[in-house]
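Chain and residue survey
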Amino acid sequence: MTRYLLQQVLHRGPVLLLITVISFGIMHLAPGKPTDAATQFNPKVSLEARQRMEQLYGLDQPLPRQYAHWMGRLVRFDFGRSFLDDRPVTEKILERLPITLTINLWSLLLILGIAIPLGVLSAVRPNGLFDRLTTVLVFIGYSAPSFWVALLCMAWFGVTLHWLPISGIHSLDYESFGMIHRWLDTGWHLILPVGIAAFTSVAGMSRYMRSSMVDVLRQDYIRTARAKGVSERRVLFHHGLRNGLLPVITILGLSLPDLIGGSVIAETIFSIPGMGRLFYEAVMARDYPVVMALVTIGAVLTMIGNFLADAGYAVADPRIRVESRA
Amino acid sequence: MKALLGNRLAVIGALTLAALAVVAIAARWVAPHDPLQVNLPDALLAPCRAYPLGTDQLGRDVLSRLIYGARISLLIGFIAVGIAVSIGTVVGALAGFYGGWLDAILMRFVDTMLSIPTIFLLLAIIAVIGPSIELIMVVIGLTSWMGVARLVRAEILSLKEREFVLAAHVLGASSWRVITKHLLPNAMGPVLVSATLGVGGAILSESVLSYLGLGVQPPTPSWGNILNEGRIALGVAWWLTLAPGLCILTTVLAFNLLGEGIRERLSRQ
């Protein structure tokens, strides 16, 4: 276990460092100084104020020193202050994080809940009617821009049918609701965003599930199980699914950046005050401290996800545990 | 049956793309109106005889804008993928061929790029530098080469111990010659599949960027920014949202079908 952890640190340490270099680098791609956007076009900002700001962010220093300074604060989870409202970046992000994590977690459950059964059922009879039908649907789903689907859903379910709310996470009279009513209200508002966040991944994931199950169901032990007279249901879900799920764990880890990135689109369209929308607003306002912080946090969240996926794989597959012990 | 289905879908994809390419190239003759011609009295007309797909807020013909938008989308798709394939091939070949610390450094870089959500990078870089079509192509290319790099590296790792490669070394071929003449040509199959799927991905990226206002800037029409302009009128002018989305869907689907067709073909060989 120690060895495994050490390996992980050696592998992921450099990646973590590179992530911060890239996040830092983006801010300095801009022609001129990063504070220009916040100050130059604003006649109220005096030269003196601008210099004070540059000093505050250490922009009058050489780049490596600036980076070292930024990193020094970063390890203490201090991402500086927002250019827009001067509030600590960490505070701004922390108040936005829960809603984004909630949406992503639910959409993850939705993805698995749809993609796994879909993949398994397609794999039972490859090229059967069900498989061909889902293949076509999956291809279409995979090719459709999710923001466009979101717009169509808004227009149809929200504007035409008035079934679902199309923006925000609460109704106007949310404050007057009781606890259970509040939960229901929020859930009600999250149906479309969660569905849209899951949309593209369902297609990809069900494909992986299918091909993984097709491979597994060809194995000798499946034939043995069937020959023993094990019920088909048990063959599929006990013998088959357990092994078929393994590659999916890895794919799940790899698809995390898309999920986090997807929240930018879903939250912007549905006006949800989450991390994705914060990122979009920060980008549009050239609020660099927030942008840098979110790029770093997004990447680190992905890394944690990948680590959990790797660990989960090791837990699920005894062969890997045995090998790493040897 | 499987081969027939796969091929038939791939053929449909290829034909769709060919038709689209013809329309995009011949845009000047095919488009019924000037895509930039503002005509306020005709604003927000529903599809009719004069405007088969209706008009937008400024009275511009949506069909003509879509046809010209196809040029931009295809151009961005192909050039972005060209950039991604070039970078990915070089990185993958170097990592796979030389191995050791070079491989370790390059692959850590690949891991890093893969862990940063692509849309974060796209939006941040384009917002910092300022949107232009050239920058969009370059940035989409710069953020999508990692898959190709991994593919090429894996192919080269499995090829470089093969006898024909060893023979080339023994005959005194330089590393450069071994890589370019013996290894890469044999590794290009999966790259072709990935590139075909990648064009669809790049077109999707462009549409997202343009939709968020950081892509192709008006008045130049692109499928994404037509959607962006249509968003405001979603309740009254559904054609502004439906038509460009269907264009993106059809094109990306065609690339995906073609890519899968090629993949199936290669895996049977």
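Worth saying up front: this structure is predicted, and the values here are computed from it rather than measured.

Rules used throughout
Residues numbered from 1 in each chain as written. Chains lettered and ligands numbered in written order. Predicted model: local features only at pLDDT ≥ 70, side-chain atom pairs only at ≥ 80, totals over all residues. Heavy atoms only, no water. Helix = DSSP H or I, 4+ residues; strand = E, 2+ residues; numbered from the N terminus. Contact = heavy atoms within 4.5 Å. 1 Å grid on protein atoms, 1.4 Å probe; cavity = no way out; pocket = protein on both sides within 12 Å on 5 of 7 lines; lining within 4 Å. Points joined across faces, edges and corners; volume = space filled by probe spheres on them. Axes fitted to C-alpha atoms, helices over the stretch in contact; angles between N-to-C directions. Left-handed = near helix turned anticlockwise from the far one by under 90°. Nonpolar A, V, L, I, M, F, W, Y, C, P; charged D, E, K, R; others polar. Salt bridge = Lys/Arg side-chain N within 4 Å of Asp/Glu carboxyl O. Buried < 20%, exposed > 50% of the residue type's maximum accessible area, 1.4 Å probe, protein only. Buried area = accessible area lost by both parts, 1.4 Å probe. Polar contact = N/O pair within 3.5 Å; in protein donor to acceptor, adjacent residues only side chain to side chain. pLDDT = per-residue confidence, 0-100. Lys, Arg positive; Asp, Glu negative; His and termini not counted.

1. As for the overall build of chain B
A count of helical and extended segments in chain B gives 11 helices and 0 strands. Ordered by position from N to C terminus, the α and β elements of chain B give α-α-α-α-α-α-α-α-α-α-α. Dimensions along the principal axes, computed over C-alpha positions, put chain B at roughly 75 × 50 × 30 Å. Within chain B, counting contacts between residues at least 6 apart in sequence, those at least 24 apart form 71% of the total.

2. Looking at the layout of surface pockets
Residue and element names in this part refer to chain A. Approximately 530 Å³ is the volume attributed to the second largest pocket. In terms of lining residues, the second largest pocket is bounded by 22 residues, among which Leu 105, Leu 108, Leu 256, Gly 305 and Leu 308 are the most central. Elements that contribute at least two residues to the lining of the second largest pocket include exactly helix H5 (89–124), helix H10 (232–254), helix H11 (256–269) and helix H13 (288–316). When residues in the lining of the second largest pocket are grouped by element, the largest group, 8 residues, is from H5.

3. A short note on the packing of helix H3 (residues 62–98) of chain B against helix H11 (residues 239–268) of chain B
Between two packed helices, both the angle of their axes relative to each other and the distance between the axes serve to describe the pair. Residue and element names in this part refer to chain B. At their nearest, the axes of H3 and H11 sit 11 Å apart, and the two run at 35° to each other. In this structure, H3 crosses over H11, and the sense of that crossing is right-handed. Here Val 62, Leu 66, Leu 74 and Phe 78 of H3 come into contact with H11, specifically with Trp 239, Leu 240, Ala 243, Pro 244, Cys 247, Thr 251 and Phe 255. Class assignment for the residues of the contact of H3 with H11 results in 10 nonpolar, 1 polar and no charged.

4. Considerations on the pattern of salt bridges
All names here are of chain A. Summed over the entire model, instances satisfying the criterion amount to 16 salt bridges over all chains. For the salt bridge of Asp 220 with Arg 223, the shortest nitrogen-to-oxygen distance reads 3.5 Å. Highlighted residues: Asp 220 and Arg 223, both in helix H9 (residues 220–227), separated by 3 residues, approximately one helical turn. Note on Asp 220: relative accessible area 52%, which makes it exposed. A residue is classified by how much of its surface remains accessible, and Arg 223, at 58% relative accessible area, is exposed. The network of salt bridges with shared partners includes Arg 87, Glu 91 and Glu 95.

5. As for the interface of chain B and chain A
Opposite the 41 residues of chain B that make contact, chain A presents 42 residues. Between chain B and chain A lies a buried interface of about 3,900 Å² when both sides are counted; carbon and sulfur atoms form 82% of it. Of all residues in chain B, the largest losses of buried area upon contact with chain A belong to Phe 120, Val 128 and Leu 212 of chain B, amounting jointly to 17% of the total for that side. Counting across the chain B and chain A interface gives 0 salt bridges. Linking chain B to chain A there are 5 residue pairs in polar contact (both at pLDDT 80 or more). Looking at the side of chain B that touches chain A, the elements with two or more residues in it are helix H1 (2–25), helix H4 (100–115), helix H5 (118–129), helix H9 (175–211), helix H10 (223–232) and H11 of chain B. With 11 residues, H11 of chain B is the largest single contributor of residues to the side of chain B that touches chain A. When the residues that make up the side of chain B that touches chain A are grouped by side-chain class, the tally is 30 nonpolar, 6 polar and 5 charged.

6. Focus on the confidence of the model for chain B
Confidence in the prediction for chain B averages 88 pLDDT; 97% of positions are at 70 or higher. The ipTM assigned to the predicted complex is 0.86, against a pTM of 0.87.

7. Considering the side chain of Glu 267 of chain A
Residue and element names in this part refer to chain A. Here Glu 267 is to be found in helix H11. Look at Glu 267: it is buried, it has no salt bridge, and the nearest opposite charge is Arg 96 at 6.0 Å. Of note is the side chain of Glu 267, whose polar atom sits 2.9 Å from the backbone nitrogen of Arg 277. Residues contacting Glu 267, with those up to four places away along its chain left out, are Thr 100, Ile 272, Gly 274, Met 275, Gly 276 and Arg 277.

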